[in-house]
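One-letter residues, chain by chain:
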Amino acid sequence: MYEMADHTLPLLPGNRPRYIMGVGTPENLVELTEMGCDMFDCVMPSRNARNGKLFTARGDINIPNARFRFDHRPIDENCTCYTCRNYTRAYLHHLYKSRELLAYRLNTIHNLYYYLDLVSTMRQAIEADRFEVFKRRFYDTRSKGV
Ligand SMILES: [Zn+2]
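Here goes a summary of the coordinates provided. Please read these numbers as outputs of a predicted model, since none were measured by experiment.

Quick look at the overall build of the protein chain
Next up, step 1: Helix and strand counts for the protein chain come out as seven helices and four strands.
Next up, step 2: Overall, the C-alpha framework of the protein chain stretches about 50 × 25 × 25 Å when taken along its three principal axes.
Next up, step 3: Residues classed as buried in the protein chain amount to 42% of the 146 residues present.
Next up, step 4: A separation of at least 24 residues holds for 54% of the contacts in the protein chain among residues at least 6 apart in sequence.
Next up, step 5: Here the protein chain displays about 9000 Å² of accessible surface, and carbon together with sulfur accounts for 51% of that area.
Next up, step 6: Of the side-chain charges in the protein chain, 21 are positive and 17 negative, and the distance between the mean point of each set is 8 Å.

Remarks on the pattern of salt bridges
Next up, step 1: One pass over the full model with this rule turns up eight salt bridges.
Next up, step 2: Here Lys-135 ties to Glu-34 by a salt bridge, and the two come within 2.5 Å at their closest N and O atoms. Taken together, the residues span a long stretch of sequence, with Lys-135 in helix H7 (residues 131-142) and Glu-34 in helix H2 (residues 26-35) at a distance of 101 residues.
Next up, step 3: The exposure class assigned to Glu-34 is partly exposed, which follows from its relative accessible area of 40%.
Next up, step 4: The closest approach of N and O atoms between Arg-73 and Asp-71, which form a salt bridge, is 2.9 Å.
Next up, step 5: Each of Glu-27, Lys-53, Asp-60 and Arg-142 takes part in a single network of salt bridges with overlapping partners.

Observations concerning the environment of Arg-85
Next up, step 1: For Arg-85, the position within the fold is in helix H4 (residues 82-86).
Next up, step 2: The class of Arg-85 is exposed, set by a relative accessible area of 55%.
Next up, step 3: Note: C-alpha distance between Arg-85 and Pro-74 (eleven residues apart in sequence) is 7.2 Å.
Next up, step 4: From its side chain, Arg-85 meets the backbone oxygen of Thr-80 in a polar contact 2.8 Å long.

Details of the layout of surface pockets
Next up, step 1: Estimated volume of the largest pocket: approximately 550 Å³.
Next up, step 2: Elements represented by at least two residues in the lining of the largest pocket include exactly helix H6 (101-127) and H7.
Next up, step 3: Looking at the lining of the largest pocket element by element, the count peaks at six residues for H6.
Next up, step 4: A per-class count over the lining of the largest pocket returns nine nonpolar, seven polar and eight charged.
Next up, step 5: Its volume calculated, the second largest pocket comes out at about 450 Å³.
Next up, step 6: Put simply, the parts of the chain that give the lining of the second largest pocket at least two residues each are H2, strand E2 (39-41) and H6.

What counts, and at which threshold
- Residues numbered from 1 in each chain as written.
- Predicted model: local features only at pLDDT ≥ 70, side-chain atom pairs only at ≥ 80, totals over all residues.
- Heavy atoms only, no water.
- Helix = DSSP H or I, 4+ residues; strand = E, 2+ residues; numbered from the N terminus.
- Buried < 20%, exposed > 50% of the residue type's maximum accessible area, 1.4 Å probe, protein only.
- Contact = heavy atoms within 4.5 Å.
- Areas by Shrake-Rupley, 256 points an atom, 1.4 Å probe, with all protein chains shown as cover.
- Lys, Arg positive; Asp, Glu negative; His and termini not counted.
- Charge placed at Lys NZ, Arg CZ, Asp CG, Glu CD.
- Salt bridge = Lys/Arg side-chain N within 4 Å of Asp/Glu carboxyl O.
- Polar contact = N/O pair within 3.5 Å; in protein donor to acceptor, adjacent residues only side chain to side chain.
- 1 Å grid on protein atoms, 1.4 Å probe; cavity = no way out; pocket = protein on both sides within 12 Å on 5 of 7 lines; lining within 4 Å.
- Points joined across faces, edges and corners; volume = space filled by probe spheres on them.
- Nonpolar A, V, L, I, M, F, W, Y, C, P; charged D, E, K, R; others polar.

Given below as structure tokens:
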């Protein structure tokens, strides 16, 4: 994918938005933004949320995992989304294991917020000409683990 994007992006007009369909992971968005992509769309944040996989700055969480059963922290302690402000990992684990529909909604709210915050942060880094610093921090933090 990166090889193909690297080949095709320079062929597109630089004064027009560049859209890539069906991408992707947070890492994909960072890499492709650096290569010059402007827009993405993908089912990943919502589909993963419905499957209990939640994105955080420190890596991903699989909320059905038993380790979250008594974890009273929010999904991501630095996230200000509705879900993280109001619900614990333990409660989200319970909802998911109970197949309660609210689990899918709350998880999706968080994952969409995570993605929107990620692209907003990348935009600010580009405007401040600090994308390399952003990218280093992004990977350092993502590798720390939850
Ligand atoms: Zn959140």
